Amino acid sequence: MKQRKKRTKKGEPQTITKAVTHIRLEAANAGKLAALDDLAQVYLPLCQQYVTLFCTDERPDKFRATCFATPLSERWQRVAIQQAAGIAQSWRTNRAQAYQDYVDDLLDYHEQQTEGTLDAAAKEPTWREWHIPVLRQTCIQANVNVVELGPAQDSTFDYWLTISTLEFRKQLLVPVKLAAYHREALKDKTINTSVTLNKRADGWWVTLSYDQVIPVHIAPSAPVVGVDVGIANFVTTSTGKHYGTFHGKLRERQKRDRQKRRHKAKLRKCLEKKGVKQLPSTSSKSGQRLARHVRQSINRAVNQCFKEHQGYQFAYEHLSVATMKYKARAMNAYLYASNLAHIPKQIAWNAAKRGVAAIRVRSAYSSQECSVCHYVDRANRPNQQTFCCRVCGYSTHADLNAAINIEHRWGDDELRACKDRKEVKALLLQRHQTWKQQNGWP
Ligand SMILES: [Zn+2]
């Protein structure tokens, strides 16, 4: 079962959309599914045309007038436009975020260059333009205007899907039979009218969904806990607790997996030279297992953290590519970075499902800023684990200092208003000056 959370404002009840996936469309009649194939064959290219349009010449617009020739009905065209607008919108958002990360990265690079603290191996960040998304898999996000879900009576099936086809006024009736666990998941739920149809190698599948509203039951005045995300500790809280780690067993497993892959690559080369045609695959089952295992460890750690912080609101950092790189420096960056991104997602999901407020705050300089006097300096971190302020001398575990900063950033509107890293740094510097004055610092 897949789950998705809608974005909400502070204090509002959270609506989570739960999807029930892997419901097979019964091939009761081969001709029916063939008609669906025909439909998909014209739907997908049309949807692609709008995706390209919305990613290049026009802003995504769900209500755009139809503009491409197609045998599809007006209603089906509307569905394609809506789906394309959604795809293009998230592509544009992700691209803009990545571009901002690149700009921040570049700023950081030039800053270090000026300071003379640049790593000898560091390269100037470059920007490579993104490709426009290409729809490869058949996925139709249909609404009630074209696909209607109705309960089946006096039948061995649970539902009927009524699907409009290419032929005028001709509708397909496709039976849907639920597995016992699907039935359990959907019991007493109001199923959303929009359904997703997917075609895979083994046939057609449908995804149903329902909404669940979870009120936030924590008062806005409740204490806030700051959460730092990292490698040595998945999660460090401003209350001074650590949960989970990439080190130890996970690291051992990762090392073994890498060795295995190297070995395989060597073997492939050797066989290739000898002219062997059927080479062993490069994909690593154990690698996939490892990634799954890492995600499970993260889920456990985050769960535990929420259990031990009942009655708290959560502040956690927005992990940008730049922050992930900073955190994963000098390590197998890719593996760590891709897994690091799973942690904030898991925090957001845990908060939503428990009705706890959680807010993402700026991460810029959270690991270099002193949580006491706001002095920002890379040199405040003599090593990965230690934080030691060069001005006030405050010294603690580096992740704890970052978690405290993150806690303080909850509701910090001034900081949120900063446009980029440069502005954040200027603001922190200004706060440092104020601190010095208030404390009679020479
Ligand atoms: Zn300090």
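Below: a short report on this structure. (Residues numbered from 1 in each chain as written. Predicted model: local features only at pLDDT ≥ 70, side-chain atom pairs only at ≥ 80, totals over all residues. Heavy atoms only, no water.)

Overview of the side chain of Thr236
What counts, and what does not: Secondary structure elements are taken from DSSP: a helix is a run of H or I of four residues or more, a strand is a run of E of two residues or more, and numbering for both begins at the N terminus. Think of a polar contact as two N or O atoms within 3.5 Å of one another; within protein, one of them needs to be a possible hydrogen donor and the other a possible acceptor, and neighboring residues in sequence only count if both atoms come from side chains. The criterion used for residue contact is that any of the two residues' heavy atoms lie within 4.5 Å.
Structurally, Thr236 can be placed in strand 10 (residues 235-237). A polar contact of 3.0 Å, which involves the side chain of Thr236, links it to the side chain of His242. If near-sequence neighbours (up to four positions away) are discounted, Thr236 is found in contact with Gly226, Val227, Asp228, Lys241, His242, Asp399, Leu400 and Ala403.

Re the coordination of the zinc ion
Our working rule: Metal coordination here is assigned from N, O and S atoms located within 2.8 Å of the ion, or within 3.2 Å for Na, K and Ca; omission of water means that sites may look incomplete. Only two sets of limits are used to name each site, 85 to 135 degrees for every angle of a tetrahedral four-donor site, and over 155 degrees for opposite donors with all other angles from 65 to 115 for a square planar four-donor or octahedral six-donor site, with any other site named irregular.
At this site the zinc ion is bound by Cys370 (SG), Cys373 (SG), Cys389 (SG) and Cys392 (SG), with donor distances of 2.2 to 2.3 Å. For the zinc ion, the four donor atoms in the first shell make angles of 105 to 114° at the metal, so the coordination geometry reads as tetrahedral. Each donor residue of the zinc ion lies on the same chain, and together they follow the pattern C-x2-C-x15-C-x2-C. Here Cys373, found in the loop between strand 13 (358-361) and strand 14 (386-388), pairs with Cys389, found in the loop between strand 14 and strand 15 (395-397); they are 16 residues apart in sequence, far enough to count as distant.

Let's talk about the environment of Asp412
Following the sequence through the fold, Asp412 ends up in the loop between helix 9 (398-409) and helix 10 (413-416). Taking C-alpha positions, Asp412 is 8.7 Å from Val361, a pair spaced 51 residues apart along the chain.

Side note on the sheet that holds strand 6 (residues 171-176)
The following threshold applies: When DSSP finds two or more bridges between a pair of strands, those strands are recorded as paired. Where helices are involved, their axes are fitted lines through C-alpha atoms of the stretch in contact, as for all axes, and angles between N-to-C directions lie from 0 to 180°.
If you walk across this open sheet you meet the three strands as 4-5-6, and the pairing is antiparallel. A strand with exactly one partner marks an edge of an open sheet, and here the two such strands are strand 4 (147-151) and strand 6. Taking the axes of each pair of neighbouring strands and ignoring which way they run, one obtains an average angle of 25° across the sheet. Summarising the sheet, strand 4 and strand 5 (residues 159-164) pair through five bridges and their orientation is antiparallel. Bridging across to strand 5, Gly150 finds its partner in Trp160. Against the sheet, helix 1 (residues 30-55) makes contact with strand 5 and strand 6, and its axis sits at roughly 120° relative to strand 6, the strand it touches most.

As for the pairing of strand 8 (residues 203-214)
Working note: regular strand, side chains alternate between the two faces of the sheet. Rule in force here: Burial status follows relative accessibility: with a 1.4 Å probe on protein chains alone, a residue under 20% of its type maximum counts as buried, one over 50% as exposed, and anything between as partly exposed.
With respect to burial, strand 8 is a largely interior element, nine of its twelve residues being buried. Pairing analysis gives nine bridges linking strand 2 (residues 14-24) to strand 8, with the strands arranged antiparallel. Along strand 8, the bridge assignment pairs Ile16 with Gln212. Where strand 7 (residues 195-200) lies against strand 8, five bridges are found, and the strand directions are antiparallel. Of the residues in strand 8, the one forming a bridge with Leu197 is Val206. Hairpin geometry of strand 7 and strand 8 is characterised by an intervening segment of two residues between the two adjacent antiparallel strands.

A closer look at the packing of aromatic side chains
Our working rule: Classification of ring pairs uses Phe, Tyr and Trp, with its six-membered ring standing for Trp, and accepts pairs whose centres are within 6.5 Å; under 30 degrees between planes counts as stacked, over 60 as edge-to-face, and the remaining range as tilted. Two conditions define a charge located above a ring, namely a distance within 6 Å from the ring centre to NZ of Lys or CZ of Arg, and an angle within 35 degrees of the ring normal.
What the rule picks out here adds up to eleven aromatic pairs. Ring geometry for Tyr99 against Trp127: centres 4.8 Å apart, planes inclined by 90°, an arrangement best described as edge-to-face. Of the two residues, Tyr99 is situated in helix 2 (residues 74-115) and Trp127 in the loop between helix 2 and strand 3 (138-142); the sequence distance between them amounts to 28 residues. Note on Tyr99: relative accessible area 35%, which makes it partly exposed. On the numbers, 6.5 Å between centres and 55° between planes, the contact of Phe387 with Tyr394 is tilted. When its relative accessible area of 0% is taken as the criterion, Phe387 is described as buried. An aromatic cluster is present here, built from Tyr50, Phe54 and Phe68 joined pairwise through their rings. For the cation-ring pair, Arg421 lies above Tyr365, with the distance from its terminal atom to the ring centre recorded as 4.4 Å.

Focus on the sheet that holds strand 10
The strands that make up a sheet are held in pairs by hydrogen bonds between backbone atoms, and each pair lies either parallel or antiparallel. Taken in spatial order, the five strands make up an open sheet running 11-10-9-12-13, and their pairing is mixed. Every interior strand has two partners, whereas the edge strands, strand 11 (242-243) and strand 13, have only one. With two bridges connecting them, strand 10 and strand 11 associate as antiparallel partners. Paired with Thr236 across the two strands is His242, which belongs to strand 11. Strand contacts of helix 8 (residues 342-354): strand 9 (224-229), strand 10, strand 12 (313-317) and strand 13, with the helix running at about 160° to strand 12, the strand carrying the most contacts. Contacts between helix 9 and the sheet are confined to strand 9, strand 10, strand 12 and strand 13, with strand 9 contributing the most and set at about 135° to the helix.

A few points about the nonpolar core
The condition is simple: Among buried residues, the Ala, Val, Leu, Ile, Met, Phe, Trp, Tyr and Cys ones that are joined through side-chain atoms within 4.5 Å form a nonpolar core.
By size, the foremost hydrophobic cluster in this structure holds 44 residues, and its most contacted members are Leu25, Trp76, Ile163 and Leu197. A per-element tally of this core places helix 1 first, with twelve residues. What Leu197 contacts, discounting residues up to four positions off in sequence, is Leu25, Leu36, Thr138, Cys139, Ile140, Val147, Leu161, Ile163, Trp204, Trp205 and Val206. Listed in part, the 27 residues of the second largest apolar core include Tyr243, Val302, Tyr316 and Leu319.

Here's the deal with the state of the cysteines
Definition in use: The term disulfide is used for any two cysteine sulfur atoms that are within 2.5 Å.
Enumeration over the complete set of coordinates arrives at zero disulfides. Free cysteine: Cys139, not disulfide-bonded; nearest cysteine sulfur from Cys47 at 8.5 Å.

Quick look at helix 4 (residues 249-273)
Filter applied, for reference: Here a helix's expected span is defined as the number of its residues, less one, multiplied by 1.5 Å.
Relative to the 36 Å expected for 25 residues at 1.5 Å per residue, helix 4 spans 37 Å between its end C-alpha atoms, a close match to the ideal helical length. Among the residues making up helix 4, those that are buried are Leu250, Gln254 and Asp257. Positioned one or two residues after helix 4, Gly275 has a phi angle of 85°, which is positive.

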